[in-house]
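# Fold and geometry: a report
Read off the chains here:
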Amino acid sequence: MSRMLGLLRSSARGCSSGAPVTQPSPTEPSRPATEELSRRREFLREHAAPFSAFLVDGFGRQHNYLRISLTEKCNLRCQYCMPEEGVPLTPKADLLTTEEILTLARLFVREGVDKIRLTGGEPLIRRDVVDIVAQLHQLEGLKTIGVTTNGINLARLLPSLQKAGLSALNVSLDTLVPAKFEFIARRKGFHKVMEGIHKAIELGYRPIKVNCVVMRGLNEDELLNFVALTEDHPLDVRFIEYMPFDGNKWNFKKMVSYKEMLDTIQQQWPEMEKLPEEKSSTAKAFRIPGFQGQISFITSMSEHFCGTCNRLRITADGNLKVCLFGNSEVSLRDHLRAGASEEELLTIIGAAVGRKKRQHAGMFNIAQMKNRPMILIGLFSTLQDSPPASPVISSWEPLPVPGRRPRPSPLTAALWKEHQHPQAPAVAWQWPGSGSPLRLYNSQADLDSTPTCLSPGTQAPATTSGPGATSDQLTHVDSEGRAAMVDVGWKPDTDREAVASAVVLLGPVAFELVQQNQLKKGDALGVAQLAGVQAAKLTSQLIPLCHHVALSHIQVQLRPDPARHAMVIRGSCRARGPTGVEMEALTSVTVAALTLYDMCKAVSRDIEIGEIKLISKTGGQRGDFHRP
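Residues numbered from 1 in each chain as written. Predicted model: local features only at pLDDT ≥ 70, side-chain atom pairs only at ≥ 80, totals over all residues. Heavy atoms only, no water.

Below, the discussion takes up the sheet that holds strand β6 (residues 235-241). Here 12 strands make up an open sheet; going across it, the order is β7-β8-β9-β6-β5-β4-β3-β2-β1-β10-β11-β12 and the pairing mixed. For this open sheet the edge positions go to β7 (273-274) and β12 (330-331), each flanked by a neighbour on one side alone. Inspection of the sheet shows strand β1 (residues 65-69) paired to strand β2 (residues 115-119) by 5 bridges, in the parallel sense. Bridging from a neighbouring strand, Ser69 pairs with Thr119 of β2. The strands that helix α4 (residues 129-137) touches are β2 and β3 (144-149); relative to β2, the one it contacts most, it runs at about 175°. (Pairing = 2+ DSSP bridges. Helix = DSSP H or I, 4+ residues; strand = E, 2+ residues; numbered from the N terminus. Contact = heavy atoms within 4.5 Å. Axes fitted to C-alpha atoms, helices over the stretch in contact; angles between N-to-C directions.)

And the structure:
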């Protein structure tokens, strides 16, 4: 006992929901908490509520759903879950042990919790997860045991988990494109996730909930493809509004609202029907007549569901969170290790639940609040490391290039490819003078982070204009010769378009491997095209004096040139605004060429990049330009 108290004193944990900042004596619950519990017990007796007073808050909400985080670790590194710099993980000694998890679960179930969901981090990397599920299954009164997983280990573990008693399954999946999956998660694993979903269907899980966090400029263009999956598969695809958590650099402009998503889907399926909402449901559910599955929307930001909230959360280090978006926590671990009795633990839990607020603070206030990163709460299957904020790639889908042998995953082809919706396909583009269809990727506008650059111009209206008109002065240099950013505030918005090209001379060996898609690094053309799209949107972060303007369209195409053993890259950008987009087009093809070099350099060091040039530009006061 003295060792337990020593650990307790050394932890110095502060709590502001249901427990004072300093550690209370387990045998002396505070008078206000006791009085509040007495009042709520009396209220429940008068209204004959068959539920524990400890799990009912001041607004009469009964909390029968408990989410328990089994670990803070994850085997992916997704970009919307954590700060870029990562998070300090809790020392193992401070995490809940298996016995402590089961003790708390047993206590909550006895008081009325009938559903427990295991989360993380990634819960399926915990070695004893099957045993934990089996022991939870023995708890009388527990009706549902669920898990939220990123799916990487799902196919391997699901048969054992099902035998142990796992009854509900959520799989996090934000894209149906393997290359984009790797970009979002910073790890490979798309096909493992597909295999896990396939295994769940095979084992009879109905429905399998697929959680998709929708972010503007990243995956909102895949909405229709996700919906189409529900036609022949028992899936509940749940579109989740992008939510602010500590370090994920949430921005309102990146959030795609429920109404916007719904409008996009209803344009294609106007016959879609709304399903009745279950009590305490967080989702607005819809079904398309004739489809096996359904879709849902988690509207935490635009239309909160706080009034019917029935959820409590226990973090991996043993803190009770009564609100996902609240920053108040109370350490059940510390009280448990200090020897608190079950009645004393219930008093602490009841005090925390009793102080739960009517609703969260709203999306803009939440974004300013200090809260845990998502991985330390256990909302989704989450991550450790993050690429830079402002993810800005959009719709990609490979088209055939003559002579290349595709290597699709059999599982992916069987489960997903047939559902690529006709309204969201890639577009075949015909290169002038060539009969070869080329792969290209398109992008919609990202109002937050799509950069463009200033076209040559002066700070006063030009005296001459017309095709090919140029300035005789450097506009990015002031009168004293110092670099300066041009003021474009006075310029009118016009439609701008620019096309650029580059050539990569690969040599015969590398060219053949790229043609046949046999490079060990993977699909060189797909990665290069993705890099070109990304680079166009990041131009102002690479070129210091470029302006940020929303790009409305990007295309990147690669065409084989067998005579030169080369790949010809063509990039085009469009926007409506006061500045041109020549730099976006040039940056796009340059980075695509560099990426192709990187993919092939292990095969040949004798690769040349050249012929980087502007092909054409239209719009703006200086007129159009077309290279002969």
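Turning next to helix α11 (residues 342-354). An ideal rise of 1.5 Å per residue puts 18 Å on 13 residues; α11 measures up with 18 Å between its terminal C-alpha atoms. Across the 13 residues of α11, 11 count as buried, placing the element largely inside the fold. Of all the residues in α11, the buried ones are Glu344, Leu345, Leu346, Thr347, Ile348, Ile349, Gly350, Ala351, Ala352, Val353 and Gly354. (Expected span 1.5 Å × (residues − 1). Buried < 20%, exposed > 50% of the residue type's maximum accessible area, 1.4 Å probe, protein only.)

A few words now on the pairing of β3. Burial within β3 is extensive, with 5 of its 6 residues counted as buried. Here 4 bridges tie β2 to β3, and the two strands are oriented parallel to one another. By the bridge assignment, Arg117 is partnered in β3 with Gly146. In terms of handedness, the path from β2 via α4 over to β3 forms a crossover that is right-handed. Note that β3 and strand β4 (residues 168-172) share 4 bridges and pair parallel. In the strand pairing of β4, Thr148 is matched with Asn170. Between β3 and its parallel partner β4, the chain crosses via helix α5 (residues 154-164), and the hand of that crossover is right-handed. (Right-handed = clockwise from strand over helix to strand, strands pointing away.)

Let us look at the sheet that holds strand β19 (residues 625-626). Within the open sheet, the 5 strands sit side by side as β16-β17-β15-β18-β19. Their pairing is antiparallel. Only two strands of the sheet have a single neighbouring strand rather than two, namely β16 (551-561) and β19. Here β16 runs beside strand β17 (residues 566-577); their pairing, made up of 10 bridges, is antiparallel. Counterpart to Leu551 in the pairing with β17 is Ala575. Across the sheet, helix α15 (residues 524-537) is in contact with β16 and β17; its angle to β16 comes to roughly 150°.

Taken N-terminus to C-terminus, the directions of α4 and α5 make an angle of 20°; their axes are 8 Å apart at the nearest point. Between α4 and α5, the interaxial angle falls into the category roughly parallel. The chirality of how α4 crosses α5 is right-handed. When α4 is examined against α5, the residues Val129, Val130, Val133, Ala134 and His137 are found in contact with a partner set consisting of Leu157, Ser160, Leu161 and Ala164. Within the contact of α4 with α5, the residues separate by chemical class into 7 nonpolar, 2 polar and no charged. (Parallel < 35°, antiparallel > 145°, perpendicular 65-115°, else oblique. Left-handed = near helix turned anticlockwise from the far one by under 90°. Nonpolar A, V, L, I, M, F, W, Y, C, P; charged D, E, K, R; others polar.)

Turning next to the packing of aromatic side chains. Inspection of the entire model under this criterion finds 6 aromatic pairs. Summarising the aromatic geometry, the rings of Phe239 and Phe297 are spaced 5.8 Å apart at their centres and angled 40° between planes, so their arrangement reads as tilted. Highlighted residues: Phe239 in strand β6 and Phe297 in strand β9 (residues 294-298), separated in sequence by 58 residues. With respect to burial, Phe239 and Phe297 carry one shared label: buried. On the basis of an interplanar angle of 80° and a centroid distance of 6.1 Å, the ring pair of Trp269 and Phe291 is categorised as edge-to-face. (Phe/Tyr/Trp six-rings, centres within 6.5 Å; stacked < 30°, edge-to-face > 60°.)

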